[in-house]
Amino acid sequence: MRCGSKTRQALAFPLITSSDSDIRVLRMPGLKQGRMQANATKGYLFAMQGHGIGDRTVMISTEYTEAGGHAAAHKLLDLDPRPTAVVCANDRCAFGLVETLVRAGVQVPGNISVIGFDDSSVARFPFLDLTSVRPDPRRMAALAIDAAERRIEDPASPVTEHRVMVSLAVRSSTGAALRGGNLKR
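Residues numbered from 1 in each chain as written. Predicted model: local features only at pLDDT ≥ 70, side-chain atom pairs only at ≥ 80, totals over all residues. Heavy atoms only, no water.

Some thoughts on helix H4 (residues 91-103)
Its 13 residues give H4 an end-to-end C-alpha distance of 18 Å, which sits within 8% of 18 Å, the value for a rise of 1.5 Å per residue. Turning to H4, its buried residues number three or more, namely Asp91, Cys93, Ala94, Phe95, Gly96, Leu97, Val98, Thr100 and Leu101. With a side-chain oxygen lying 3.1 Å from the backbone nitrogen of Arg92, the N-terminal cap of H4 falls on Asn90. Downstream of H4 by one or two residues, Gly105 has phi in the positive range, about 90°. (Helix = DSSP H or I, 4+ residues; strand = E, 2+ residues; numbered from the N terminus. Expected span 1.5 Å × (residues − 1). Buried < 20%, exposed > 50% of the residue type's maximum accessible area, 1.4 Å probe, protein only. Polar contact = N/O pair within 3.5 Å; in protein donor to acceptor, adjacent residues only side chain to side chain.)

Structure (structure tokens):
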């Protein structure tokens, strides 16, 4: 299942809210780059290019865990200039990233906007209040069950791909970066 072009546009919108010409976007895909992750990365880069910032997009691969977010944050802190926005592979990575950035004195969203993916209960922690992509797990589960039933009935049936619409739960971890607010090393 893949996210459609509206999803990519929705993801890009809160990141492109600043007229700051130094905007750089960091995407944190997981370490495992299967077909779904490759499609997501391709779509993400396409959206960033469509907004004219494809050349300022940085990728850091990490684990899908809080520890992965911590590790990515340490790499991010070494970048010069630092990105003004980060899209994380999931909310757990975003949690680890935000925690590490805040401890280092980086303001979220004042210096950097952060978006997670899956709109888990972690995203709604009051101290995190993470903007997150909200998938439709019921629709995804129904499609997966249908696919499994088709495969059981006919093992030679072709693999099908579905695009599932998602929404963006906008919270306080995103906003226009302060002009000149991007802390440098």
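As for the packing of aromatic side chains
Counted according to the given criterion, the structure contains 3 aromatic pairs. Seen from their ring centres, Phe95 and Phe127 are 6.1 Å apart, and the 65° between their planes marks the pair as edge-to-face. In this pair, Phe95 sits in helix H4 while Phe127 sits in the loop between strand S4 (113-117) and strand S5 (131-134), placing the two residues 32 residues apart along the sequence. Among the aromatic side chains, those forming a connected cluster through ring pairs are Phe95, Phe125 and Phe127. (Phe/Tyr/Trp six-rings, centres within 6.5 Å; stacked < 30°, edge-to-face > 60°.)

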